[in-house]
Every structure is written in C-alpha cells, then in structure tokens.
Amino acid sequence: MSTLRVIGLAGWSGAGKTTLLARLIPVLVARGVRVATLKHAHHAFDIDQPGKDSFVHRQAGASEVIISSARRWAQIREVEAEAEAALPELLRQLTPSGLALVEGFKREAHPKLEVFRAANGRPPLHAQDPRIVGIASDVPFPEARVPVVGLDDIEGVARLVLERAEALETVLARLEGS
C-alpha cells in the first residue's frame, strides 16, 4: 500500500504555479515531507543538452536512454509514435511515499489547488471544477466553496496542500474510473 499523497496546482499560464512551487517545496521539505513533482509540458522538451552523450544516444535513434551517476539517475523515453503518457501512468512512476505535487493537468480529476492571479485577466477555475480543493490567490474570493489563502502566505499554502492531498490509490481510482 502506498503512502504517497497527491495534489495538483492548476491555473492559467502566467498565474505563478512554478513560482509558488519553488517557494512551497522548501517549506514542505523543512517539515520533513519527501516531495516529488510531476510537470506537464505542452510542447517538446529536452532534459539533456546537445553534445552530451545521452543527447547523442537519443539523436542517434535510441528510444530510451538512462543516465546514471552516484547522485541521481534519469530516464528519457521517446513517445513520438505512442500516445502521451496519462497522469495515472506517470503517478505510478513515482516512489510511493511522501507528497506528489502535480503542475498542470488542470482538466484531470485529481485534487487541485487553484493558483489565481488577477492580473492574468482570466476567469477563475474553481467555480467549474469540483476537484479544486483550495485556492491560492492575490484577490479574495468570499463566495468560494473552498479555503482561500494568499499567494504570498506560503505557510498557509503548505498547510492547505498537506490537508487536502489525497492518497494515491484514491486518486488513481478516480482518474481511471474504478
């Protein structure tokens, strides 16, 4: 049985999800929480650099490359001919303990903290998404059905994330419709 708990950060581009994560992760780690992140990208990306052996291997046609050292390892898998990996498949790749923070995947059915910035000029997501379990915002939402904390209240965001994260098994069951 996994002890991994899952919660996402969802919001429009430019809302500050990555900035909030960069401030939130050290607070969680200082509390003794093992944190994993899972980031959705909407485009092709490279984690290795031109000229490095792993890049050369992949460019030569390897469909999978594992880079390993005494301090870390990473796996790169080409999926051009396959469908994009689904959130459940990616969540299963994580070590089954601690807290998984999912950035993106805003249309999926996992619990999410909405990151809202008024200057974005985009509508809030929480009114239409029942899986939003809290909001981090630079403006108040007195009508919200979920707790709202300030974007700069990192302790409040940490508390909310830890309270509202759900067990991996619960999230997977909902995502897979079982």
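In case you missed it, the structure is sitting above this.
Structure report, in brief. (Residues numbered from 1 in each chain as written. Predicted model: local features only at pLDDT ≥ 70, side-chain atom pairs only at ≥ 80, totals over all residues. Heavy atoms only, no water.)

Description of the packing of aromatic side chains
- Overall, the coordinates contain one aromatic pair when judged by the stated rule.
- Ring geometry for Phe-116 versus Phe-141: centroids 5.1 Å apart, planes at 75°, classification edge-to-face. On the criterion of sequence distance, the pair formed by Phe-116 in strand 6 (residues 112-116) and Phe-141 in the loop between strand 7 (132-137) and strand 8 (148-150) is long-range, its members being 25 residues apart. The pair Phe-116 / Phe-141 is uniform in exposure class, with both members buried.
- We note Arg-122 situated over the ring of Trp-12; from NZ or CZ to the ring centre the distance is 3.7 Å. (Phe/Tyr/Trp six-rings, centres within 6.5 Å; stacked < 30°, edge-to-face > 60°. Helix = DSSP H or I, 4+ residues; strand = E, 2+ residues; numbered from the N terminus. Buried < 20%, exposed > 50% of the residue type's maximum accessible area, 1.4 Å probe, protein only. Lys NZ or Arg CZ within 6 Å of the ring centre and 35° of its normal.)

Points about the environment of Glu-103
- As for its position among the elements, Glu-103 is in strand 5 (residues 97-103).
- Given the relative accessible area of 7%, Glu-103 is considered buried.
- Placed 23 residues apart in sequence, Glu-103 and His-126 show a C-alpha to C-alpha distance of 16 Å.
- Those residues in contact with Glu-103, other than ones at most four positions away along the chain, are Leu-9, Lys-17, Thr-18, Leu-21, Leu-38, Lys-39 and His-40.
- A distance of 2.6 Å separates a polar atom in the side chain of Glu-103 from a polar atom in the side chain of Thr-18. (Contact = heavy atoms within 4.5 Å. Polar contact = N/O pair within 3.5 Å; in protein donor to acceptor, adjacent residues only side chain to side chain.)

Let's talk about the pattern of salt bridges
- Per the counting criterion, the structure on display carries eight salt bridges.
- A salt bridge links Arg-23 to Asp-152; the nearest nitrogen and oxygen atoms lie 3.0 Å apart. You can see Arg-23 sitting in helix 1 (residues 17-30) and its partner Asp-152 sitting in the loop between strand 8 and helix 4 (154-164), a full 129 residues away along the chain.
- Where Glu-103 meets Lys-39, a salt bridge forms, and the shortest distance between an N and an O atom there is 3.6 Å. Taken together, the positions of Glu-103 in strand 5 and Lys-39 in strand 2 (residues 35-39) put the pair 64 residues apart, joining distant regions of the chain.
- A relative accessible area of 53% places Lys-39 in the exposed class.
- If you follow the salt bridges from partner to partner, you end up with Arg-131, Glu-166 and Arg-174 in one network. (Salt bridge = Lys/Arg side-chain N within 4 Å of Asp/Glu carboxyl O.)

Geometry only, nothing functional implied.
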